[in-house]
Amino acid sequence: MSRRRSPTARRRERRDYALGLLIGLLLMGGFFLLVGCRLSATAAGEPPGTEYVVFVDLSQSIRLEDRKLFTEALTTQIIPTLQPGDRLLVAPITDRTLTGFRPLIDVTLPALPPFNGWTDNLLKHKQHVQAVEAQMPKLKEALTAQADSLFTRRENSAQTDILSSLLLTEKLFHNVAHRKVLVLMSDMIEDYAPHRFQKVAWTPDSTKALLDELERADRIPNLSGICVYVAGASAASPAQAEQIGAFWKAYFERANADMHMSRYAHVLLHWPPEAGCAF
């Protein structure tokens, strides 16, 4: 025969049950509030896209066939892979890179709106996302036409100042929080006084001496966190191409850039950038 509980005991049980239920609800509400706040903060604080800076050698030393390769890389590889929120800046490499810098293209694509689960209407957010995505094909088509027109022009510059372009790169990426990608479309033959690569007697010692000289003159920028590609690398002979490539490999190491030699070639290889490249 079961023992009958007193009214006091029953009231205590009901009170404990209600208290436990209240605590459980509060803990669950706090958990969802924390998750919601974290998602909203993440959505609002996440960098909106990737910053692409493309330096294109338009000097007189670049052959017509190489210009066609540069056009193809921009219009069939780089532009098609742009995503909402990405920025594309294209600038020339000339003998006036620092003193006469002017972007040929500077476009930031509209970013997808962040979603806050506590304040945003899901249907309206979805419509906003669809509206941004619907713009992308037309924007890319316009960018492609603009990129095509770049290579019909010819700069008066007979010299190529790649080193100054890299100094400018540090400035262009200054305080950029999101992913940074640099593409150099050039034969990578510096031809600007006092450094004329075609006349250098390349040895490990001369490479180190040149790098030391640049470092003393504060001519090696800080490119940490930047994923680097080279398309167009060339030279008068395979031996010279290898020697100049070795210089740039050592240069980018001193600059702390993410530059793997698999991305240093005559054409744009291994595009788009893999997730681990300076990110």
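That block above? That's the structure.
What counts, and where the lines are drawn
Residues numbered from 1 in each chain as written. Predicted model: local features only at pLDDT ≥ 70, side-chain atom pairs only at ≥ 80, totals over all residues. Heavy atoms only, no water. Disulfide = S-S within 2.5 Å. Helix = DSSP H or I, 4+ residues; strand = E, 2+ residues; numbered from the N terminus. Phe/Tyr/Trp six-rings, centres within 6.5 Å; stacked < 30°, edge-to-face > 60°. Buried < 20%, exposed > 50% of the residue type's maximum accessible area, 1.4 Å probe, protein only. Lys NZ or Arg CZ within 6 Å of the ring centre and 35° of its normal. Pairing = 2+ DSSP bridges. Salt bridge = Lys/Arg side-chain N within 4 Å of Asp/Glu carboxyl O. Expected span 1.5 Å × (residues − 1). Contact = heavy atoms within 4.5 Å. Right-handed = clockwise from strand over helix to strand, strands pointing away.

Counted by the stated rule, this structure contains one disulfide. Residue pairing for Cys227: its cysteine sulfur links by disulfide to Cys277, the two sulfurs lying 1.9 Å apart. As the torsion about the S-S bond is roughly 95°, the Cys227-Cys277 disulfide counts as right-handed. Highlighted residues: Cys227 in strand β7 (residues 226–231) and Cys277 in the segment after β8 (264–265), separated in sequence by 50 residues.

So, about the packing of aromatic side chains. According to the stated counting rule, one finds eleven aromatic pairs in the structure shown. The interplanar angle of 45° and the centroid separation of 5.8 Å between the aromatic rings of Tyr52 and Trp271 together place this pair among those described as tilted. One end of the pair, Tyr52, is in strand β1 (residues 50–57); the other, Trp271, is in the segment after β8, and 219 residues separate them in sequence. For the residue pair Tyr52 and Trp271, the accessibility class agrees, reading buried in each case. For the pair Trp202 and Phe247, a centre-to-centre distance of 5.7 Å together with 50° between the ring planes defines the contact as tilted. Of this pair, Trp202 sits in the loop between β6 (195–196) and α5 (204–216) while Phe247 is found in helix α6 (residues 238–254), placing the two residues 45 residues apart along the sequence. Per residue, the accessibility class of Trp202 equals that of Phe247, and both read buried. Through a chain of ring-to-ring contacts, the aromatic side chains of Phe197, Trp202, Phe247, Trp248, Tyr251 and Phe252 assemble into a single cluster. It is Arg263 that lies over the ring of Tyr229; its NZ or CZ is 5.5 Å from the centre.

Glancing now at the pairing of strand β4 (residues 179–185). Most of β4 sits out of view: seven of its seven residues are buried. The alternating pattern of β4 places Arg179, Val181, Val183 and Met185 on one face and Lys180, Leu182 and Leu184 on the opposite face, and all of these are buried. Judged from the seven bridges that link them, β1 and β4 form a sheet pairing that is parallel. Residue pairing in the sheet places Val54 in a bridge with Val183 of β4. Sheet topology places β4 next to β7; six bridges connect them, and they run parallel. Note that in β7 the partner of Val183 across the bridge is Tyr229.

This structure, assessed with the given rule, holds ten salt bridges. The closest approach of N and O atoms between Arg87 and Glu51, which form a salt bridge, is 2.5 Å. One end of the pair, Arg87, is in strand β2 (residues 87–93); the other, Glu51, is in strand β1, with 36 residues separating them in the sequence. Asp66 is the partner of Arg63 in a salt bridge, and the nearest nitrogen-oxygen pair spans 3.1 Å. Salt bridges linked by common partners bring Lys208, Asp212, Glu215 and Arg254 together as one network.

Our focus in this paragraph is α5. For α5, which comprises 13 residues, the first-to-last C-alpha distance of 18 Å matches the rise-based estimate of 18 Å (1.5 Å per residue) to within 8%. Listing the buried residues of α5 in full gives Thr207, Leu210, Leu211, Asp212 and Leu214. Close packing links the buried residues of α5 with α4 (162–172), β6 and α6. Two residues or fewer after α5 comes Asp218, characterised by a positive phi angle close to 55°.

Take the sheet that holds β7 next. An order of β3-β2-β1-β4-β7-β8 is seen for the six strands of this open sheet, with the pairing classed as mixed. The open sheet has two edge strands, β3 (105–108) and β8, and neither has a second partner. Strand direction decides the pairing type here: β7 and β8, joined by two bridges, are parallel. Residue Ala231 lies in a different strand from β8, and its bridge partner there is Ala265.

Right, let's talk about helix α2 (residues 64–78) for a bit. The end-to-end C-alpha distance of α2, which contains 15 residues, comes to 20 Å, matching closely the 21 Å that a straight helix rising 1.5 Å per residue would cover. Listed as buried for α2 are Asp66, Arg67, Phe70, Thr71, Ala73, Leu74, Thr75 and Ile78. The inward-facing, buried residues of α2 abut β1, β2, α3 (122–150), β4 and β7.

We now examine the pairing of β1. Counting buried positions over the eight residues of β1 gives eight, a clear majority of the element. As paired elements, β1 and β2 share seven bridges and run parallel to each other. Among the inter-strand pairings, Val53 is bridged to a residue of β2, identified as Leu89. Since β1 and β2 lie parallel, the crossover through α2 that links them has a hand, and here it is right-handed.

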